[in-house]
Amino acid sequence: MTVIKIAVIPGDGIGKEVMQEALKVLNCLQEQDSSLQIETTIFPWSSDYYVQHGCMMPDHALETLQAYDAILFGAIGDARVPDDVTVWELIMPIRKQFQQYVNFRPIKSLPGITSPLARGNDIDFVIFRENAEGEYSDSGGRLYQQQPQEMTIQNTIMTRIGIEKIVQAACDYAKQHGKTKLTSATKSNAIIHSMKFWDEHTRKTVAESAPALQLESIYIDALVAYFVERPQDFEVVVASNLFGDILSDLGSAIVGGLGLSPSANLNPEKDFPSMFEPVHGSAPDIAGKGIANPIAQIWSLALLLGHQGRTDLEQLIVNAITTVLQQGLVKTADIGGQATTEQMGDAICQEIINRTITAGGV
Ligand code: NAD
Ligand code: MN
């Protein structure tokens, strides 16, 4: 029996609260299915850790993580530590070291959840965000400090291989899921070096590896408007790091909010562990109140199990979440209810148990 080894990093704020519920779901699955062998190790790398040790994670943290099959991440961000430190010392090194160059974010309408859009039903697309290079770069710096001509340069780094790999991953997904159209976010009319390069290699990759796929390139400013006006038109969207980040928060918002949106940082070759985390951050405005929605975190766990080959368990969790939302009896504040984080986690576990009993086992 294979054991799935999961490194768990709850992080800060609501990250710790929602992670508790994902671990509860994991326990519940193990109780239902004795063939599911999971080993979890919790790593306390967070802003608390930074305050105590002066770093977000210890020296050999990445070597430690490499021994795991997957990483389940909560969220980070805390007023005591600058946001660029939490991001660049914890999340970025993991994404880069383990070549998690695909950030996969499904955007799907859910039953019982009202979209803020008038025509917000039947939304069902996925975003492939480039996750290892692009605009999120530490290349650049300040010049002429304290002088009138003081200035800063922030470089975007795009490589041919980097673009080919993310577009290839989007094409593979499209082919596997019977999708007919790929939308690429661009801004090559204004950002002439990086985005023209992006367009060129996106076009080439699609022509070579998925010629039957219809490719449309849309300027990012128009694309955000289309996400609001006609979100049903999209199937698979591929975008650079920054554009993909913005599009996926908007994508979450149009299907009901950040509390519902999972993501996967994938190394498709499986040479390294992939990392699964909600799209949202540590939500300091509601942290400590026990009211955060744990669905994004629990769904991220579902994506993790699917990536480890247990698509049956992924489907079981997603079905349980969908049923709980459809029934509408347990809702957290972000989706118009009064349930606590814990009550939502319990309701999803109960639904998993009900479904397992009805099916006579997992
Ligand atoms: P955020 O996602 O933390 O919060 C945005 C809004 O959404 C807030 O009003 C929050 O209450 C709400 N929200 C988020 N998740 C929710 C949930 N599960 N249930 C209910 N409501 C939820 O984004 P922000 O406010 O821009 O950032 C806060 C901190 O999080 C910052 O320090 C930022 O750097 C960090 N951050 C971390 C990550 C990450 O860990 N990957 C991602 C984004 C932001
Ligand atoms: Mn984001």
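About the thresholds
- Residues numbered from 1 in each chain as written.
- Chains lettered and ligands numbered in written order.
- Predicted model: local features only at pLDDT ≥ 70, side-chain atom pairs only at ≥ 80, totals over all residues.
- Helix = DSSP H or I, 4+ residues; strand = E, 2+ residues; numbered from the N terminus.
- Rg over C-alpha atoms; globule rule 2.2 N^0.38 Å.
- Contact = placed C-beta atoms within 7 Å.
- Axes fitted to C-alpha atoms, helices over the stretch in contact; angles between N-to-C directions.
- Parallel < 35°, antiparallel > 145°, perpendicular 65-115°, else oblique.
- Left-handed = near helix turned anticlockwise from the far one by under 90°.
- Near = placed C-beta within 6 Å.
- Nonpolar A, V, L, I, M, F, W, Y, C, P; charged D, E, K, R; others polar.
- Core = buried A, V, L, I, M, F, W, Y, C linked by C-beta atoms within 7 Å.
- Buried ≥ 20, exposed ≤ 12 C-beta atoms within 10 Å, placed from the backbone.
- Domains from an automatic or database assignment.
- Expected span 1.5 Å × (residues − 1).
- Pairing = 2+ DSSP bridges.

Things to note about the overall build of the protein chain
Each helix and strand in the protein chain was counted, giving 11 helices and 12 strands. Over its C-alpha atoms the protein chain spans a radius of gyration of 21 Å, differing by no more than 12% from the 21 Å that the globule rule assigns to 362 residues. In terms of its C-alpha atoms, the protein chain occupies a principal-axis envelope of roughly 65 × 50 × 40 Å. At a minimum sequence separation of 6, the contacts of the protein chain that also span at least 24 residues come to 77%.

Regarding the packing of helix H1 (residues 14-32) against helix H9 (residues 295-307)
Their axes nearest at 8 Å, the elements H1 and H9 cross at an angle of 45°. When the axes of H1 and H9 are compared, the pair comes out oblique. Judged by the twist between their axes, the crossing of H1 over H9 is right-handed. Counted together, Val18, Met19, Glu21, Ala22, Val25 and Leu26 of H1 and Gln297, Ile298 and Leu301 of H9 form the full contact between these two elements.

Brief notes about the site of ligand 1
Lining the immediate environment of ligand 1, one finds 21 residues, of which Gly77, Gly259, His280, Gly281 and Asn293 sit closest. At the level of elements, H1 and helix H4 (83-97) are the ones that each hand at least two residues to the shell around ligand 1. Each residue belonging to the shell around ligand 1 can be placed in one class, and the counts come to 11 nonpolar, six polar and four charged.

Here we look at the nonpolar core
In terms of nonpolar packing, the biggest core is built from 93 residues, with Val25 and Leu301 touching the most fellow members. Residues from two domains meet in this core; each of domain 1 (1-102 + 265-362) and domain 2 (115-255) gives at least three. Not counting the four nearest positions on each side in its chain, Val25 is found in contact with Ile298, Leu301, Ile317, Gly345, Ile348, Cys349 and Ile352.

A closer look at helix H8 (residues 241-254)
When the terminal C-alpha atoms of H8 are compared, their 20 Å separation across 14 residues agrees well with the 20 Å that a helix rising 1.5 Å per residue should span. Looking at the buried side of H8, the elements it contacts are strand E4 (102-108), strand E5 (124-130), strand E8 (181-186), helix H7 (220-229) and strand E10 (236-239). Of the residues trailing H8, Gly256 is marked for its positive phi of about 125°.

As for the domain arrangement of the protein chain
Assigned domains of the protein chain: these are domain 1 (1-102 + 265-362) and domain 2 (115-255). One C-alpha centre belongs to domain 1, the other to domain 2, and the line joining them spans 25 Å. On the side of domain 2, 12 residues touch domain 1, which itself brings 10 residues to the contact. Class assignment for the residues of the side of domain 1 that touches domain 2 results in five nonpolar, three polar and two charged.

Comments concerning the sheet that holds strand E9 (residues 214-219)
Taken together, the 10 strands give an open sheet; going across it, the order is E2-E1-E3-E12-E11-E4-E5-E10-E8-E9, and neighbouring strands pair in mixed fashion. Edge positions in the sheet fall to strand E2 (37-42) and E9, since each of these pairs with one other strand and no more. Geometrically, the sheet is characterised by an average inter-axis angle of 25° between neighbouring strands, direction not taken into account. Across five bridges, the pairing between strand E1 (residues 3-11) and strand E3 (residues 70-75) is parallel. The residue of E3 that forms the bridge with Val8 is Leu72. Of the strands in this sheet, E8, E9 and E10 touch helix H6 (residues 194-209), which is tilted by about 165° from E8.

A look at unusual backbone geometry
Positive phi, close to 65°, is recorded for Gln146, a residue that is not glycine. The residue Gln146 is located in the loop between strand E6 (140-143) and strand E7 (151-154) in this model. Taking the number of C-beta atoms within 10 Å as the measure of exposure, Gln146 has 5 and is therefore exposed. For Ala283, which is not glycine, the phi dihedral falls at a positive 45°. Structurally, Ala283 is set in the loop between strand E12 (274-278) and H9.

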